[in-house]
Amino acid sequence: MATRTRPSSKRCAVIGGSGFLGRHLVERLVDRGYTVNVFDIRQAYELPGVMFHQGDLCDRQALLLALKEVSVVFHCASPAPASDDRALFQRVNIDGTRTVIQACHEAGVQKLILTSSASVVFEGTDIKNGREDLPYAKKPIDYYTETKIVQEKLVLEACSKEKGFLTVAIRPHGIFGPRDPQLVPILVDTARRGKMKFIIGDGSNLVDFTYVENVVHGHILAAEHLKADSPLCGQAYHITNDEPVRFWDFMSQILEGLGYSAPRYHLPYTLVYGIALLLWLMALVLRPLIRIKPTFTPMRVALAGTHHYYSCARAKKDMGYQPLVPLQEAIVRTVESYPHLRKGA
Ligand SMILES: NC(=O)c1ccc[n+]([C@@H]2O[C@H](COP(=O)([O-])OP(=O)(O)OC[C@H]3O[C@@H](n4cnc5c(N)ncnc54)[C@H](O)[C@@H]3O)[C@@H](O)[C@H]2O)c1
Ligand SMILES: CC(C)CCC[C@@H](C)[C@H]1CC[C@H]2C3=C(CC[C@]12C)[C@@]1(C)CC[C@H](O)[C@@](C)(C(=O)O)[C@@H]1CC3
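Residues numbered from 1 in each chain as written. Chains lettered and ligands numbered in written order. Predicted model: local features only at pLDDT ≥ 70, side-chain atom pairs only at ≥ 80, totals over all residues. Heavy atoms only, no water.

Another aspect to go through is the layout of surface pockets. The space that makes up the second largest pocket amounts to roughly 200 Å³. Looking at the second largest pocket, the residues that line it are Ala191, Gly194, Met196, Lys197, Tyr260, Ser261, Ala262, Pro263, Arg264, Tyr265 and Lys343. When the residues that make up the lining of the second largest pocket are grouped by side-chain class, the tally is six nonpolar, two polar and three charged. (1 Å grid on protein atoms, 1.4 Å probe; cavity = no way out; pocket = protein on both sides within 12 Å on 5 of 7 lines; lining within 4 Å. Points joined across faces, edges and corners; volume = space filled by probe spheres on them. Nonpolar A, V, L, I, M, F, W, Y, C, P; charged D, E, K, R; others polar.)

So, on to the site of ligand 1. In the region of ligand 1, 24 residues are neighbours, and Phe20, Leu21, Asp40, Tyr144 and Lys148 sit closest. Separating a nitrogen atom of ligand 1 from a backbone N or O atom of Ile41 is a distance of 3.4 Å. Between a nitrogen atom of ligand 1 and a main-chain N or O atom of Leu57, the distance comes to 3.0 Å. In isolation ligand 1 exposes 830 Å². Once the protein is present, 90% of that is buried. Secondary structure elements with two or more residues in the shell around ligand 1: α1 (20-31) and α4 (143-157). In the shell around ligand 1, the residues fall into ten nonpolar, ten polar and four charged. (Near = heavy atom within 4 Å. Polar contact = N/O pair within 3.5 Å; in protein donor to acceptor, adjacent residues only side chain to side chain. Areas by Shrake-Rupley, 256 points an atom, 1.4 Å probe, with all protein chains shown as cover. Helix = DSSP H or I, 4+ residues; strand = E, 2+ residues; numbered from the N terminus.)

Mapped onto this structure's residue numbering, the UniProt feature "transmembrane region" (unreviewed entry) falls at residues 271-290. The distance from the first to the last C-alpha atom of residues 271-290 is 25 Å, and the span holds 80% helix and 0% strand. (UniProt positions renumbered as here; feature names shortened; annotations may be inferred.)

Moving on to the side chain of Thr210. Residue placement: Thr210 occurs in strand β11 (residues 210-211). If we skip the residues at most four places from it in the chain, Thr210 touches His173, Gly174, Ile175, Phe176, Val215, Ile239, Thr240 and Asn241. (Contact = heavy atoms within 4.5 Å.)

The next thing to look at is the pairing of strand β5 (residues 111-115). For β5, a buried count of five out of five residues is recorded, marking the element as mostly surrounded by other parts of the structure. The two faces of β5 match: Lys111, Ile113 and Thr115 on one face and Leu112 and Leu114 on the other face are all buried. Note: strand β4 (residues 70-75) against β5, four bridges, orientation parallel. Looking at β5, one finds that Phe74 is bridged to Ile113. The parallel pair β4 and β5, bridged by helix α3 (residues 86-107), forms a crossover whose chirality is right-handed. Here five bridges tie β5 to strand β7 (residues 166-172), and the two strands are oriented parallel to one another. Paired with Lys111 across the bridge in β7 is Leu166. (Buried < 20%, exposed > 50% of the residue type's maximum accessible area, 1.4 Å probe, protein only. Pairing = 2+ DSSP bridges. Right-handed = clockwise from strand over helix to strand, strands pointing away.)

Among the 14 residues in the neighbourhood of ligand 2, the closest are listed as Ser117, Tyr144, His173, Gly174 and Gln182. The separation between an oxygen atom of ligand 2 and a polar side-chain atom of His173 is 2.9 Å. One nitrogen or oxygen atom from the main chain of Gly174 is found 2.5 Å from an oxygen atom belonging to ligand 2. Out of a free accessible area of 650 Å², ligand 2 has 93% covered by protein chains. Where the shell around ligand 2 is concerned, the elements lending two or more residues are α7 (247-257) and α9 (298-305). By residue number, the principal contributor to the shell around ligand 2 is α9, which donates three residues.

Per the stated rule, a full pass over the model turns up nine aromatic pairs. Every member of this aromatic cluster is reached through a ring pair, and the members are Phe176, Phe209, Tyr211, Phe247, Trp248 and Phe250. It is Lys10 that lies over the ring of Tyr34; its NZ or CZ is 4.4 Å from the centre. Here Arg23 stacks its cationic end above the ring of Tyr45, 4.4 Å away from the centre of that ring. (Phe/Tyr/Trp six-rings, centres within 6.5 Å; stacked < 30°, edge-to-face > 60°. Lys NZ or Arg CZ within 6 Å of the ring centre and 35° of its normal.)

Moving on to helix α5 (residues 183-192). When α5 is considered as a whole, its buried residues turn out to be Leu183, Val184, Leu187, Val188, Thr190 and Ala191. Taken down its axis, α5 places every buried residue within 160° of arc, on the same side. Here the buried face of α5 lies against β8 (175-176), α7 and α11 (327-336). (Arc of directions from axis to C-beta.)

And the structure:
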């Protein structure tokens, strides 16, 4: 059992603080005068005022060292969504989150802010202006989503005013911005391999893409508004840019900004989804012999061909959330941050 001293409300820990979102969060917390402990399986950078603790979040003892005298914990660690390793998702997102909750109790942590995902309600069909009261996906689209659902439930159910342990979940959607390891890099890689010529469906589907600074802002607001008498206790909040955009317009702007051609030819959604499903099944069957990683997975095709945008009215009402960086400025900043991914670079 860790020795308890009264935690300072400005001392926090970011689990997954070496990652894309985690690092942006750590930087803003430091700017706001917080003392930050980062807990991650890897150390990706150094920053004055930040103490790194390297370890696996499934290791309670290692976690306890990072949570000593901490009052607020942000949990934004997860295996990469593109992984198809079910056991890894189960171990980190479910068993690991149980360990995080237990370690928080033992260390006397007062608030836990989980980075969940809006995808916990997405089943591959249209969601227009979805609110937080939509039911969890009954048939989650992949292992990532399946385990994010269980993770969110665990964290929200752990909220206890009696025990002085308050929890909240932030559900961002389609995070992008400087240093993002997936959206822009995957998009550019797909374009470089000549596979970004086609628009899946009629191209009119609206989607939320959320600039990383806005997601960070939502997390910090949640931490600062989470109190025993606030409506945030045990609740989930969508955090988006609040500017749904046509999926293919967004992709085209990023591609053209980096010097690549925008996709032009349309393909029927059901055809592409069917092919992606077939390829996914083939990859599964052939897995003992050969490892194939198809570019167009059923998940990506569903995300590219359906409406999925969410209302953040609840975050506006309960914590005064407003996006800080509008979408167009966010796209410009993002494109400028990737000189090495420009065509010909
Ligand atoms: N990127 C998005 O579009 C998006 C959208 C919605 C929600 N989210 C959620 O936001 C969070 C952060 O995502 P990201 O895009 O920054 O991912 P990321 O991969 O950049 O960061 C995740 C971090 O978690 C760490 N990690 C993984 N397993 C760990 C373990 N066992 N112990 C300790 N650390 C571990 C990794 O080392 C990494 O630094 C995740 O929970 C993700 O589900 C992401
Ligand atoms: C080849 C494709 C047709 C186009 C390639 C773009 C693709 C890389 C991105 C477009 C939407 C993105 C996205 C996620 C990953 C990258 C994309 C598929 C996401 C699955 C990452 C995990 C998040 O939690 C997410 C589910 C979310 O809810 O925000 C993401 C959804 C969007």
